[in-house]
Amino acid sequence: MKRFLFTLVAAFMSAIVVVPAHAQETAPTQPLKVLLVIGGCCHDYTAQSKILKEGIEQRIRADVTVEFSEDTSTGARFGVYESDDWAEGYDVILHDECSASVTERPYVDRILAEHANGTPAVNLHCAMHSYRWGDYKQPVEPGADNAGWYEMIGVQSSSHGPKAPIDVDYISEQHPIVKGLEDWATTDDELYNNVRVFGSAESLASGKQVQGPKGKKSPQSKPKVATAVVAWTNLYGPKKTRIFSTTLGHFNETVNDTRYLDLVVRGLLWTTGNLNDDGTPMPGFVK
């Protein structure tokens, strides 16, 4: 009887297929599901929606769904936000809207609720100047009626400088999003100011821009050098949802720059927990 049991166990064990550790690490993964919300005032969003979608999908295994608004005013709205569960089915939301005049609380609250509930976000350029009301030029207090959007982003901004080149300096060299990336300079772009940086935010890159004197020039007028944080992470809400933002990206030339697209892609991977410590994609997302 013992010999029979031994033979049975041996046969059972030999039938078990042991999957090597490296095979488990490279197991197929579903592509990253990205919702790109884009449109509104002041930018060539028609071109930039294509640049972003193609740039992301060329770099990593991702499916980018575009929610585009043809409204070119600051009142641009997006139908996807009209549903309470608007983010269902997506791994991360890429906010690239310019909707400064949209102040309807139920609408904005629906956006924020999904992020507070754990859906990561990457915010680009004019997304930082959207959904604002009250005295937004002064630092908002946490929990204030007009603080919600800034608390999600992690940095409050109210204005920008001229359209001129920006020197980008990575100041947090060990963070996976910027690990190994080299400092660079944009062509003409806009340097957004920092009214307030929240304690939950971590600065990753600063921008420096030479800004000429405003108004009529005089012999005494000299250009000034302005600096501001231009890329950062944030942990938002009770679930500490991962958020990444960069204020760069006004013109198509910046958005189409390999260095910019690499930064955005790393932000998407980091917010979803798919970025290695050395800045490379996790297995399953490498093209």
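Residues numbered from 1 in each chain as written. Predicted model: local features only at pLDDT ≥ 70, side-chain atom pairs only at ≥ 80, totals over all residues. Heavy atoms only, no water.

1. Some details on the nonpolar core
Heads up, the rule is: In plain words, nonpolar cores are sets of buried Ala, Val, Leu, Ile, Met, Phe, Trp, Tyr and Cys residues tied together by side-chain atoms within 4.5 Å. Burial classification: accessible surface area is computed with a 1.4 Å probe over protein chains only, and a residue below 20% of its type maximum counts as buried, one above 50% as exposed, and the rest as partly exposed. What counts as a helix is a DSSP run of H or I of at least four residues, what counts as a strand is a run of E of at least two, and both are numbered from the N terminus. Here, two residues are considered to be in contact whenever any of their heavy atoms come within 4.5 Å of each other.
Residues Tyr-81 and Tyr-131 are the most contacted members of the largest nonpolar core, which totals 71 residues. Of all the elements, helix H7 (residues 258-271) adds the most residues to this core, at eight residues. For Tyr-131, the residues in contact, after removing those within four places along its chain, are Phe-78, Tyr-81, Glu-97, Ser-99, Ala-100, Val-102, Tyr-107, Val-108, Ile-111 and Trp-149.

2. Observations concerning the pattern of salt bridges
Using the following cut-off: Whenever a carboxyl oxygen of Asp or Glu lies within 4 Å of a side-chain nitrogen of Lys or Arg, that contact is scored as a salt bridge.
Tallying each qualifying case throughout the model produces ten salt bridges. As a salt-bridge pair, Arg-105 and Asp-145 come within 2.4 Å of each other at their nearest N and O atoms. Of this pair, Arg-105 sits in helix H4 (residues 105-116) while Asp-145 sits in the loop between strand S4 (121-124) and helix H5 (148-153); the two residues are 40 residues apart in sequence, bridging distant segments of the chain. Given the relative accessible area of 33%, Arg-105 is considered partly exposed. Linked through salt bridges whose partners overlap, the residues forming this network are Arg-77, Glu-82, Glu-104 and Arg-110.

3. So, the pairing of S4
For clarity, the threshold we go by: Here a strand pair is declared whenever DSSP counts at least two bridges between the two strands. Handedness of a crossover is defined as follows: orient the strands so they point away from the viewer, and if the path from the first strand over the helix to the second runs clockwise, the crossover is right-handed.
Neither face of S4 is left uncovered, since the one carrying Ala-121 and Asn-123 and the one carrying Val-122 and Leu-124 both have all their residues buried. Bridging between strand S3 (residues 92-98) and S4 involves three bridges; their strand directions are parallel. When the sheet's bridge partners are listed, Leu-94 is paired in S4 with Val-122. At this point the chain moves from S3, through H4, to the parallel S4, and the crossover so formed is right-handed. Inspection of the sheet shows S4 paired to strand S13 (residues 241-246) by four bridges, in the parallel sense. Residue pairing in the sheet places Asn-123 in a bridge with Ser-245 of S13.

4. Here's the deal with the pairing of strand S9 (residues 189-192)
One face of the sheet, then the other: side chains in a regular strand alternate in exactly this way. Every second residue of S9 is oriented toward a common face, with Asp-189 and Leu-191 on one face and Glu-190 and Tyr-192 on the other, all of them buried. In this structure, strand S6 (residues 160-164) lies alongside S9, joined through three bridges in antiparallel fashion. Bridged to Ala-164 within S9 is Asp-189.

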